[in-house]
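# Notes for the structure review
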Amino acid sequence: MNEIKKCLIGKNNTCVPIWFMRQAGRYLPEFINIRKKNKDFIKLCLNPDLSSEITLQPLKRFDVDAAIIFSDILMVPYGLGQSITFIDNLGPVLSKFEIDEFLKRDDRAFTNTLNPVYEAIKKTRKNLDSKKSLISFIGSPWTLAVYMFGLKKDKVTLDLQLMDKKKSEIDLVLKKITKFLKIHIKNQINAGADIVQIFDSWAGLVPEKNIENYCYKPNHTLVDFCKKLSVPVICFPKGIGKKYAIFSKIVKPNCVNIDFDVDPEWAKKNLNGVCIQGGMDPKILLADKNTIFKEAENFLKIFRGYPYIFNLGHGLLPQTKPDNVNQLVNFVKNYEYK
Ligand code: CP3
């Protein structure tokens, strides 16, 4: 069994596996090269050869313990019939959400549309060292709803008026989308992925009164589904602060990724012993080597003897130097406690 899986099922408290969110992508020159020739991002995600090649690029450079499939959480709304455009300084914008179309969408059409993603996973698994994990992922129902309904006013604030206006549709979508997310999880596992990560990137925006129904419950349903499939699952409810404690208690994933606003000492004491992943601010990787090593050592010391997967508090930034990533990986892999 590989190191990450050992950690996730509670069989390993000594070694610290490592991988990075957004390790395949924008900071790697070899990715930028492919991207220049493939301007349509969704098309790129639906090209099994290129998606698989991009997924494996970081593993050619660094001794990370996992590959994460090069895809996007928005492939699910795409599979449900919404088209996606990208707007500078705002991010992805989806075509108008049509509830009738959504409710009519059948399972087979959904799977057919996303089949290239599964082909990419199959291809990647074939070319990936058997000691390495292949991580698949989904967006949480809430985080997807934020994009499907266009619920943000700007990059970081919710349009509460729109949320009120759409309340009944949002509630319905949060329930009904779970079915398609389960299909997407299952298809990715059948294709050869062996871990699931659930990105709830906008969990921190959920209004307090909705946190139970919009965050804990949908994540819990999906975690239970993964557990029934015997697939380890990592949750990333970004931005919920102290609510990470109650989240871990209710949702009970195999592992939670903490974001860079969470105090790692606090997390170790308050997350009910659940495996912890990540935490280090991705900006640290823009600093000099000594700063990077010092911060990494801080995490390694705090989580000594605790099930911990080294990662960041969010994805690698575009400005990151690949050599800094390499040095960090080697530092963590060769670290010996004094
Ligand atoms: O430059 C690149 O790396 C190009 C690839 C790209 C991704 N997503 C990779 C990705 C592009 C153009 C997107 C579009 C997109 N999707 C954006 C805007 C642009 C950007 O680069 O961020 C956004 C905001 C989304 C929505 C999205 N995708 C979210 C909220 C998440 C969850 C993680 C997070 O950032 O909070 C994703 C996941 C994602 N996008 C992955 C990849 C390769 C998978 C997860 C991973 O590798 O960690």
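Up top you'll find the structure we're talking about.
Because the structure is predicted, anything quoted here is derived from the model rather than measured.

### Some words on the sheet that holds strand β1 (residues 66–68)
Strand order in this open sheet of seven strands is β1-β4-β5-β6-β7-β8-β9, and the pairing throughout is parallel. The open sheet is flanked by β1 and β9 (308–309), the only strands paired with a single partner. Strand direction decides the pairing type here: strand β5 (residues 195–200) and strand β6 (residues 233–237), joined by five bridges, are parallel. Each bridged residue has a counterpart across the sheet, and for Ile198 the counterpart in β6 is Cys235. Docked against the sheet, helix α12 (residues 244–251) engages β6 and β7 (255–258), running at close to 150 degrees with respect to β6.

### A closer look at the pairing of strand β2 (residues 84–87)
Strand direction decides the pairing type here: β2 and strand β3 (residues 91–94), joined by four bridges, are antiparallel. Counterpart to Ile87 in the pairing with β3 is Gly91. Hairpin connection from β2 to β3: three residues lie between these consecutive antiparallel strands, with Asn89 at a positive phi of about 65 degrees.

### Let's talk about the packing of helix α2 (residues 29–37) against helix α4 (residues 48–61)
Between α2 and α4, the shortest axis-to-axis distance is 10 Å and the interhelical angle comes to 165 degrees. Classed by the angle they form, the pair α2 and α4 counts as roughly antiparallel. Handedness of the crossing formed by α2 with α4: right-handed. Facing Pro29, Glu30, Phe31 and Ile34 of α2, the residues of α4 in contact are Leu50, Glu53, Ile54, Gln57 and Arg61. A breakdown of the residues in the contact of α2 with α4 according to their chemical character gives five nonpolar, one polar and three charged.

### Here's the deal with the side chain of Glu297
Take Glu297: it is sitting in helix α14 (residues 289–302). The exposure class assigned to Glu297 is buried, which follows from its relative accessible area of 18%. Other than its neighbours up to four places away in sequence, Glu297 contacts Phe331, Tyr335 and Lys338.

### A short note on helix α7 (residues 107–127)
End to end, α7 covers 29 Å across 21 residues, agreeing with the expected 30 Å (1.5 Å per residue, within 8%). At Leu114, α7 is deflected by roughly 50 degrees, the largest bend along its length, and proline Pro116 occurs up to four residues later in sequence. For α7, every residue scored as buried is listed here: Phe110, Leu114, Pro116, Val117, Tyr118, Ala120, Ile121 and Thr124. If you follow the buried residues of α7, they end up packed against α3 (41–45), α4, α5 (75–79), β4 (133–139) and α10 (167–191). A side-chain oxygen of the first residue of α7 lies 2.9 Å from the backbone nitrogen of Arg108; this N-cap is Asp106.

Conventions used here
- Residues numbered from 1 in each chain as written.
- Predicted model: local features only at pLDDT ≥ 70, side-chain atom pairs only at ≥ 80, totals over all residues.
- Heavy atoms only, no water.
- Pairing = 2+ DSSP bridges.
- Helix = DSSP H or I, 4+ residues; strand = E, 2+ residues; numbered from the N terminus.
- Contact = heavy atoms within 4.5 Å.
- Axes fitted to C-alpha atoms, helices over the stretch in contact; angles between N-to-C directions.
- Parallel < 35°, antiparallel > 145°, perpendicular 65-115°, else oblique.
- Left-handed = near helix turned anticlockwise from the far one by under 90°.
- Nonpolar A, V, L, I, M, F, W, Y, C, P; charged D, E, K, R; others polar.
- Buried < 20%, exposed > 50% of the residue type's maximum accessible area, 1.4 Å probe, protein only.
- Expected span 1.5 Å × (residues − 1).
- Bend = angle between axes of the 7 residues up to and from the residue.
- Polar contact = N/O pair within 3.5 Å; in protein donor to acceptor, adjacent residues only side chain to side chain.

Function-wise, these values are silent; they only describe arrangement.
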